[in-house]
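Each chain, written out:
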Amino acid sequence: MKAHGGYAAEVHGPAGGVAAPSLGYALFATRWLQAPLYLGLVAAQAVYVYEFFGELWSLVHGVLNGRSDENTVMLAVLKLVDVVMIANLLIMVIVGGYETFVSRIGLQGHKDQPEWLSHVNSNVLKVKLAMAIVGISSIHLLQMFVNIHHTSRQELIWGTTIHMAFIVSACILAFMAGPMEARAASLHQEPHSVPPQQPAHPAEHGAP
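Model, not experiment: these values are computed from the prediction.

Quick look at the overall build of the protein chain
Part 1 of the argument: If you tally the helices and strands in the protein chain, you get 5 helices and 2 strands.
Part 2 of the argument: In sequence order, the protein chain lays out its α and β elements as β-β-α-α-α-α-α.
Part 3 of the argument: Split into buried and exposed, the 208 residues of the protein chain put 22% on the buried side.
Part 4 of the argument: Long-range contacts, defined here as pairs at least 24 residues apart, represent 66% of the contacts in the protein chain between residues at least 6 apart.
Part 5 of the argument: In the form shown here, the protein chain has an accessible surface area of approximately 15,300 Å², with 67% of it arising from carbon and sulfur atoms.

Structural notes on the packing of aromatic side chains
Part 1 of the argument: Per the counting criterion, the structure on display carries 3 aromatic pairs.
Part 2 of the argument: Measuring from centroid to centroid gives 6.4 Å for Trp 32 and Tyr 98, while their planes differ by 70 degrees, and the two rings are edge-to-face. Of the two residues, Trp 32 is situated in the loop between helix 1 (23-29) and helix 2 (35-64) and Tyr 98 in helix 3 (residues 70-101); the sequence distance between them amounts to 66 residues.
Part 3 of the argument: Taking 6.2 Å as the distance between ring centres and 85 degrees as the angle between the ring planes, the aromatic pair formed by Tyr 38 and Tyr 98 counts as edge-to-face. Residue Tyr 38 is found in helix 2, and its partner Tyr 98 is found in helix 3; the two are separated by 60 residues along the sequence.
Part 4 of the argument: Looking at Tyr 38, the relative accessible area reads 11%, which means it is buried.
Part 5 of the argument: Judged by its relative accessible area of 23%, Tyr 98 falls in the partly exposed class.
Part 6 of the argument: An aromatic cluster is present here, built from Trp 32, Tyr 38 and Tyr 98 joined pairwise through their rings.

A closer look at a nonpolar patch on the surface
Part 1 of the argument: Residues Ile 133, Trp 158, Ile 162 and Phe 166 make up a contiguous nonpolar surface patch of roughly 380 Å² in combined accessible area.
Part 2 of the argument: Considering each element in turn, the nonpolar patch owes the most residues, 3 residues, to helix 5 (residues 153-189).
Part 3 of the argument: Its location among the elements puts Ile 133 in helix 4 (residues 122-146).
Part 4 of the argument: By relative accessible area, which is 33% here, Ile 133 ends up partly exposed.

Parameters at a glance
Residues numbered from 1 in each chain as written. Predicted model: local features only at pLDDT ≥ 70, side-chain atom pairs only at ≥ 80, totals over all residues. Heavy atoms only, no water. Helix = DSSP H or I, 4+ residues; strand = E, 2+ residues; numbered from the N terminus. Buried < 20%, exposed > 50% of the residue type's maximum accessible area, 1.4 Å probe, protein only. Contact = heavy atoms within 4.5 Å. Areas by Shrake-Rupley, 256 points an atom, 1.4 Å probe, with all protein chains shown as cover. Phe/Tyr/Trp six-rings, centres within 6.5 Å; stacked < 30°, edge-to-face > 60°. Patch = residues over 30% accessible without salt bridge, like charges linked within 9 Å, V, L, I, M, F, W, Y side chains within 5 Å. Salt bridge = Lys/Arg side-chain N within 4 Å of Asp/Glu carboxyl O.

Okay, structure coming up:
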């Protein structure tokens, strides 16, 4: 069977029907092996929820007993923010990774669909994860500066150096993701482009 000057890509079995799925389909189905990994991350997120309320109870208990000064309260709040940002990182990996590498979730039209999930792919996910790691590193660095009297100079230098390395890595990933996104968008639009119609020959309309 011909199709546009070439043979059709459809493969038929001995009886004329469509052939059984190839090894590629079986390998593609192995993506479901990742599903338990994301369930494990859900369990890790539950641990962080427990950690958050433990830190919150310690903060409230210390303030009510008058044993917490301003720096102690600030450090405790930064710990809470740190836990929340790590939880955000986890949900980004769970939802975005599952959507990208396992199966579509199908949240189109859902009122609670995250804005970033509508255009998530591996490149976008890498950039967002890098930016989340930079945010978490910023919280840790801020904790060091708030508690600077109990932080050694070497720890400050190493913390600042590592934080700058995270920033540089995130900028490189964002810079590389731009051309990749443009190329992916152009490749996605090419199959849907409609070729321009050629003007009809006058002989077809009975012109002399």
